[in-house]
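So the chains spell out like this:
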Amino acid sequence: LTNPEANRSMQPIYIIEIGAGAAKLCYVMLQKLISLREFWPKRANGAPVFKYVLTDSTSTSFDFFNNHPSLKPHFESGLLDMAKFDAELDQFLTLEKSNIVLRHDFLEHPVVMVANYVFDSLRQDAFRVTKDGKIEEVLATVTAITAPIELIISREPELLKYIR
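Residues numbered from 1 in each chain as written. Predicted model: local features only at pLDDT ≥ 70, side-chain atom pairs only at ≥ 80, totals over all residues. Heavy atoms only, no water.

Draft legend 1. Unusual backbone geometry, seen in detail. Look at alanine 23: it is not a glycine, yet its phi comes out positive at around 70°. For alanine 23, the location among the structural elements is in the loop between β1 (13-17) and α2 (24-35). Positioned with a positive phi, asparagine 99 is a non-glycine residue whose angle comes to about 55°. With respect to the helices and strands, asparagine 99 occurs in the loop between β4 (93-94) and β5 (101-102). (Helix = DSSP H or I, 4+ residues; strand = E, 2+ residues; numbered from the N terminus.)

Draft legend 2. Structural context of the pairing of β1. Counting buried residues along β1, five of its five residues qualify, which places the element largely inside the surrounding structure. Side-chain alternation along β1 places Ile13, Ile15 and Glu17 on one buried face and Tyr14 and Ile16 on a second face that is also buried. Pairing of β1 with strand β2 (residues 50-56) involves five bridges; the strand directions are parallel. Each residue of the ladder has a partner; that of isoleucine 16, found in β2, is valine 53. Read from β1 through α2 to β2, the crossover connection turns out right-handed. With three bridges joining them, β1 and strand β6 (residues 112-114) adopt parallel strand pairing. Directly across from isoleucine 16, in β6, lies its bridge partner methionine 113. (Buried < 20%, exposed > 50% of the residue type's maximum accessible area, 1.4 Å probe, protein only. Pairing = 2+ DSSP bridges. Right-handed = clockwise from strand over helix to strand, strands pointing away.)

Draft legend 3. Molecular detail of the pattern of salt bridges. This structure, assessed with the given rule, holds two salt bridges. Close ionic contact of arginine 103 with aspartate 105 constitutes a salt bridge, the shortest N to O distance being 2.9 Å. The exposure class assigned to arginine 103 is partly exposed, which follows from its relative accessible area of 35%. Its salt-bridge partner being glutamate 136, residue arginine 128 comes within 3.0 Å of it at the nearest N-O pair. When its relative accessible area of 48% is taken as the criterion, arginine 128 is described as partly exposed. Take glutamate 136: its relative accessible area is 31%, and that puts it in the partly exposed class. (Salt bridge = Lys/Arg side-chain N within 4 Å of Asp/Glu carboxyl O.)

Draft legend 4. Representation of the sheet that holds strand β3 (residues 80-84). One open sheet accounts for four strands, arranged β3-β2-β1-β6; its pairing is parallel. Since the sheet does not close on itself, it has two edges, and those belong to β3 and β6, each with one partner. The mean inter-strand angle of the sheet, taken between neighbouring strand axes irrespective of direction, is 25°. Packing of α2 onto the sheet brings it into contact with β1, β2, β3 and β6, and relative to β2 it is tilted by some 175°. (Axes fitted to C-alpha atoms, helices over the stretch in contact; angles between N-to-C directions. Contact = heavy atoms within 4.5 Å.)

This is the structure:
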């Protein structure tokens, strides 16, 4: 956020969270970013240097976001907005609060994307091209050697040592 180019434009840097869920990560990130306010570039018109955008594939979460007492002040300040976005289909975002359409040809700054827990719900395929030009499907397999039952039940991070 200390990029001098960001100060020349009145357009904020967009931080877009894909699949925001209950917006817990959004809240934590906003609190941290706000705590660093003294390092933000100063804008002539006082416009926010960034806008955090919550997204979900359905607008049913919007009432929850709008009415949540921890998020409401951020919506009111202009630091927070929301948009319906299906990561497998949509090509742009229409922000609900500011009614701005975010498209690649509109943005003046790089976008910061946050995707916490979203990739496990998207369809995924992997392919590779061989030296002779053939396309092959790539398959991933996760195996584990036997871990002590107490460790499996505990779900401690040490369990990761047993995954190959």
